[in-house]
Structure formats: C-alpha cells, structure tokens
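Spelled out from the first residue to the last, the chains are:
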Amino acid sequence: AQSVTQLDSQVPVFEEAPVELRCNYSSSVSVYLFWYVQYPNQGLQLLLKYLSGSTLVKGINGFEAEFNKSQTSFHLRKPSVHISDTAEYFCAVSYTGRRALTFGSGTRLQVQP
Amino acid sequence: DAEITQSPRHKITETGRQVTLACHQTWNHNNMFWYRQDLGHGLRLIHYSYGVHDTNKGEVSDGYSVSRSNTEDLPLTLESAASSQTSVYFCASSDGGSKETQYFGPGTRLLVL
C-alpha cells in the first residue's frame with residue numbers, strides 16, 4: 001500500500017523568504033505525484049504534477065517541485081513567498097491502475113509580513 | 001464553464017439520521033470520488049466510481065454508500081449518522097486514467113450532534 005508523509009504540519013515563514021514543503025512517499029510501483037493547494041474554506045486545486053520525464057516540475061503561482069526517486073521525495077519550493085500563499089498544501093500520489101489519490105496529512109503554510 | 005458543485009455546503013444533523021450529500025459535475029468526467037478531510041489526516045478516500053453503475057469502496061467506507069445512475073452525479077449517503085462522521089466532505093472528478101488531474105468541489109461541512 002502507498003503512503004505519503006508530510007513531516008511538517010505547519011511552516012511559518014516571512015514574506016519574500018524562500019520556502020520548502022517536504023513530501024516523502026512509499027510505494028513499490030512507479031507513482032504519479034501531485035501537489036494541491038487549499039485556500040481557506042475552499043476546495044483543492046492543482047499546483048503541479050509529476051508524471052515522467054524531467055524531475056523538476058514547474059507549477060502555478062511560481063511554485064516548483066523536484067522528484068527524487070532514490071529518496072522517494074517530491075518537495076515543493078518557492079523562492080519568494082507572498083502573503084497570498086498562505087494556505088494548506090497537500091502532497092498526493094496515484095499509480096497505474098488506481099485513479100484515486102492517496103494524500104499526505106497536509107502542511108499549513110503561514111506567511112507573515 | 002464546466003464545474004463541480006456540492007450541496008448543501010453546511011449541514012447539521014443528529015446521530016442516527018440518514019443524510020445524503022450531493023455532488024454534481026458538468027465536466028462529463030467518468031471518474032468521481034468522495035473524500036473526507038479531518039485534521040491531521042489529510043483527505044481519505046470514502047468511495048469512488050469509474051462510470052455509470054460502477055461503485056467501489058475506499059479506505060474509510062464503513063457507514064457510507066454511493067450510487068451512480070448517470071455521469072453527472074455521485075450522491076453520498078450516511079446510512080445512520082454518527083458523531084465520528086463529523087467532517088468536511090469533498091467530491092472530485094477526473095477523466096481518463098491515473099495521470100489525470102482531479103477537480104474538487106467546494107466541500108460540505110457536516111456536523112453530527
């Protein structure tokens with residue numbers, strides 16, 4: 001069975017500082033990896049996804065993530081955060097034959113002025 | 001524009017009552033999913049459907065049921081509501097296989113007293 005671990009439940013950061021949100025997964029098969037963002041009182045929306053090919057994936061709002069197969073990680077980064085990036089971020093995986101997603105427990109990013 | 005909607009957005013009910021949460025999508029997607037979101041657990045899969053008349057159990061399906069009579073709708077029924085089912089419920093849809101992005105509804109916040 002797959003599992004997704006987001007070790008940091010909360011990440012406080014000052015505006016314009018860089019941030020990294022960590023995600024590790026466990027799976028015995030090749031996976032597809034996703035990052036979703038949830039703004040307060042809203043549903044989830046896709047930030048970016050890794051399917052194959054280049055291990056560096058660029059997404060919306062200046063976010064990017066790097067797939068590292070040897071470390072089974074898919075960390076999310078942004079070089080300079082804004083107040084508007086305050087939200088909850090979820091890492092998720094799927095794989096061939098399973099269309100449903102397995103989610104991590106989420107990381108709350110709190111951007112302070 | 002295509003969208004996915006959920007109703008009601010908020011619901012208060014009593015233990016033992018039957019409750020149905022609606023999910024409607026106009027994407028014409030084959031795949032539909034129900035997740036519940038609880039603090040510290042991220043989103044967990046309740047039920048899913050890959051097409052009309054197809055339904056499958058997810059990891060936390062006890063006490064829930066779904067039916068798929070058309071492409072657009074996947075209602076979620078709590079047969080006899082329990083306090084442990086107090087949660088935020090999200091419906092999602094996607095087309096094609098495991099690589100595809102899931103699109104989420106705005107959520108239903110359910111309180112079982």
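What comes next concerns the included structure.

Rules of the game
Residues numbered from 1 in each chain as written. Chains lettered and ligands numbered in written order. Predicted model: local features only at pLDDT ≥ 70, side-chain atom pairs only at ≥ 80, totals over all residues. Heavy atoms only, no water. Core = buried A, V, L, I, M, F, W, Y, C linked by side-chain atoms within 4.5 Å. Buried < 20%, exposed > 50% of the residue type's maximum accessible area, 1.4 Å probe, protein only. Helix = DSSP H or I, 4+ residues; strand = E, 2+ residues; numbered from the N terminus. Disulfide = S-S within 2.5 Å. Polar contact = N/O pair within 3.5 Å; in protein donor to acceptor, adjacent residues only side chain to side chain. Contact = heavy atoms within 4.5 Å. Salt bridge = Lys/Arg side-chain N within 4 Å of Asp/Glu carboxyl O. Nonpolar A, V, L, I, M, F, W, Y, C, P; charged D, E, K, R; others polar. Patch = residues over 30% accessible without salt bridge, like charges linked within 9 Å, V, L, I, M, F, W, Y side chains within 5 Å. Areas by Shrake-Rupley, 256 points an atom, 1.4 Å probe, with all protein chains shown as cover. Pairing = 2+ DSSP bridges. Axes fitted to C-alpha atoms, helices over the stretch in contact; angles between N-to-C directions.

**A look at the nonpolar core**
Stage number 1. Judged by nonpolar contacts, the single largest core of 28 residues is most densely connected at Trp35, Leu48, Leu76 and Tyr89 of chain A.
Stage number 2. Counting only elements with at least two residues in this core, the list comes to strand E2 (10–14), strand E3 (19–21), strand E5 (32–38), strand E6 (44–50), strand E8 (64–68), strand E9 (73–78), strand E10 (87–95) and strand E12 (107–112) of chain A.
Stage number 3. Element by element, the count of residues in this core is highest for E10 of chain A, at four residues.
Stage number 4. Among the nonpolar cores identified, the runner-up in size contains 18 residues, and Ala92 and Leu101 of chain A together with Leu43 and Leu45 of chain B belong to it.

**Side note on the state of the cysteines**
All names here are of chain A.
Stage number 1. Counted by the stated rule, this structure contains two disulfides over all chains.
Stage number 2. Two residues share a disulfide in this structure: Cys23 and Cys91, whose sulfurs sit 2.0 Å from each other. Where Cys23 bonds to Cys91 through sulfur, the torsion about that S-S bond is close to -65°, and the disulfide is left-handed. Taken together, the residues Cys23 in the loop between E3 and strand E4 (24–26) and Cys91 in strand E10 connect sequence positions 68 residues apart. Neither Cys23 nor Cys91 differs from the other in exposure class; each is buried.

**Some remarks on the side chain of Arg36 of chain B**
Residue and element names in this part refer to chain B.
Stage number 1. Note on placement: Arg36 falls in strand E4 (residues 31–38).
Stage number 2. Within the structure, the side chain of Arg36 is placed 2.8 Å from the backbone oxygen of Ser84, a separation counted as a polar contact.
Stage number 3. If sequence neighbours within four positions are ignored, Arg36 has contacts with Gly42, Leu43, Arg44, Ile46, Val60, Tyr64, Ser84, Gln85, Thr86, Ser87, Val88 and Tyr89.

**Details of the interface of chain B and chain A**
Stage number 1. With 24 residues of chain B in contact, the opposing surface of chain A contributes 23 residues.
Stage number 2. As a salt-bridge pair, Glu59 of chain B and Arg98 of chain A come within 2.9 Å of each other at their nearest N and O atoms.
Stage number 3. Contributions of two or more residues to the side of chain B that touches chain A are made by E4 and strand E5 (42–51) of chain B.
Stage number 4. Classifying every residue of the side of chain B that touches chain A gives eight nonpolar, 11 polar and five charged.

**Observations concerning a nonpolar patch on the surface**
Residues and elements named next belong to chain B.
Stage number 1. Taken together, the side chains of Ile12, Leu111 and Leu113 make up a nonpolar region of the molecular surface, amounting to roughly 310 Å² of accessible area.
Stage number 2. Inspection of the secondary structure assignment puts Leu111 in strand E11 (residues 108–112).
Stage number 3. By relative accessible area, Leu111 is classed as partly exposed at 37%.

**Describing the sheet that holds strand E1 (residues 4–7) of chain B**
Residues and elements named next belong to chain B.
Stage number 1. Taken together, four strands build an open sheet; the order of strands is E1-E3-E8-E7 and the sheet is antiparallel. A single partner strand is all that each edge strand has here, and the edge strands are E1 and strand E7 (64–66). This sheet shows a mean twist of 20° between the axes of neighbouring strands, independent of strand direction.

**Some words on the pairing of strand E3 (residues 19–25) of chain B**
Residues and elements named next belong to chain B.
Stage number 1. Going residue by residue along E3, you find Val19, Leu21, Cys23 and Gln25 tucked away on one face and Thr20, Ala22 and His24 left uncovered on the opposite face.
Stage number 2. In the sheet, E1 pairs with E3 via four bridges, with the strands oriented antiparallel. Looking at E3, one finds that Ser7 is bridged to Ala22.
Stage number 3. The pairing of E3 with strand E8 (residues 76–78) spans three bridges and is antiparallel. Following the sheet pairing, Leu21 is matched in E8 by Leu76.

**Section: the pattern of salt bridges**
Residues and elements named next belong to chain A.
Stage number 1. All chains considered together, the criterion is met by 10 salt bridges over all chains.
Stage number 2. Across the pair Asp85 and Lys78 runs a salt bridge whose closest N-O atoms are separated by 2.8 Å. In this structure, Asp85 and Lys78 share a single accessibility class: buried.

Geometric descriptors of this kind do not, in isolation, establish any biological role.
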